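# Fold and geometry: a report
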Amino acid sequence: MPWAWHSLRATLKVYALTPDSHQSIGSILEHQAENVPDKDCLLFEGQRWSYRDFNAWANHIAHVLKQRGVQPGDSVDLLFENCPALLACVAAVAKLGAVAGMVNPKQRGAVLSHSMRTIQPRLMVIGDGCLPALHSASPPQPDSVPRLWAGMGPVP
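So, here's what we can say about the structure.

Parameters at a glance
- Residues numbered from 1 in each chain as written.
- Predicted model: local features only at pLDDT ≥ 70, side-chain atom pairs only at ≥ 80, totals over all residues.
- Heavy atoms only, no water.
- Core = buried A, V, L, I, M, F, W, Y, C linked by side-chain atoms within 4.5 Å.
- Buried < 20%, exposed > 50% of the residue type's maximum accessible area, 1.4 Å probe, protein only.
- Helix = DSSP H or I, 4+ residues; strand = E, 2+ residues; numbered from the N terminus.
- Axes fitted to C-alpha atoms, helices over the stretch in contact; angles between N-to-C directions.
- Parallel < 35°, antiparallel > 145°, perpendicular 65-115°, else oblique.
- Contact = heavy atoms within 4.5 Å.
- Phe/Tyr/Trp six-rings, centres within 6.5 Å; stacked < 30°, edge-to-face > 60°.

Let's shift gears to the nonpolar core. If you look at the biggest cluster of nonpolar residues, it comprises 27 residues, and the most contacted ones within it are Leu 65, Leu 78 and Val 125. Secondary-structure elements contributing two or more residues to this core are helix H2 (25–35), helix H3 (51–67), strand S3 (75–79), helix H4 (84–95) and strand S5 (123–126). Ranked by the residues each element gives to this core, the list is headed by H4, at eight residues. Counting 12 residues, the second-largest nonpolar core is a separate cluster that includes Leu 79, Ile 126, Cys 130 and Leu 131.

Right under this line is the structure:
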């Protein structure tokens, strides 16, 4: 039962965040990684990430995004199915002070294209299984928006 109380308290802290808060999802993750590094941060389909592991993953992604020019206030399109990589990318974007624009991978054609353009991203990160959605965008997103592949296997 104590784990349930701690989980509830952590969830309430995230919901209490406002645009004026001095904390972010990224800073809360850092805090948890320092204070309870071996506790479960994320469980998904039989896989487990501790706060230490998940924070390290998010830091690695943040480093890559920063190398690609993402700065505070920028937007980053995230085109992912429901998966841990999406959450790691959201945390990474938050750590940089940027905005994660979560694009619905169920959209197709002009609707998807509109969603991607509305965010006006500095770059786009695409997850496994979302290439069909991306290729359906009509008209396609301009090539001026760099794309990063976050999938398994060879880069398409």
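Bringing the packing of H2 against H4 into the picture now. One way to put it is that H2 packs onto H4 with a least axis distance of 7 Å and a crossing angle of 105°. For the element pair H2 / H4, the angle class is roughly perpendicular. On H4, the residues touching Gly 26, Leu 29 and Glu 30 of H2 are Ala 91, Ala 94 and Lys 95.

Here the structure, examined in full by the defined rule, presents two aromatic pairs. An angle of 20° between the planes, with centres 5.7 Å apart, marks the rings of Trp 49 and Trp 57 as stacked. Its relative accessible area of 15% is what places Trp 49 among the buried residues. Ring centres of Phe 54 and Trp 57 lie 5.9 Å apart, and the angle between their planes is 85°; this geometry places the pair in the edge-to-face category. A residue pair is termed a helical-turn pair when its members lie 3 or 4 positions apart in one helix, as Phe 54 and Trp 57 do in helix H3 at three residues. Relative accessible area serves as the criterion here: at 6%, Phe 54 is assigned to the buried category. Put simply, the rings of Trp 49, Phe 54 and Trp 57 pair up and form one aromatic cluster.

Moving on, we come to the environment of Pro 132. Inspection of the secondary structure puts Pro 132 in helix H6 (residues 131–136). The class of Pro 132 is exposed, set by a relative accessible area of 52%. As for Pro 132 and Lys 106, which are separated by 26 residues in sequence, their C-alpha atoms are 9.9 Å apart.

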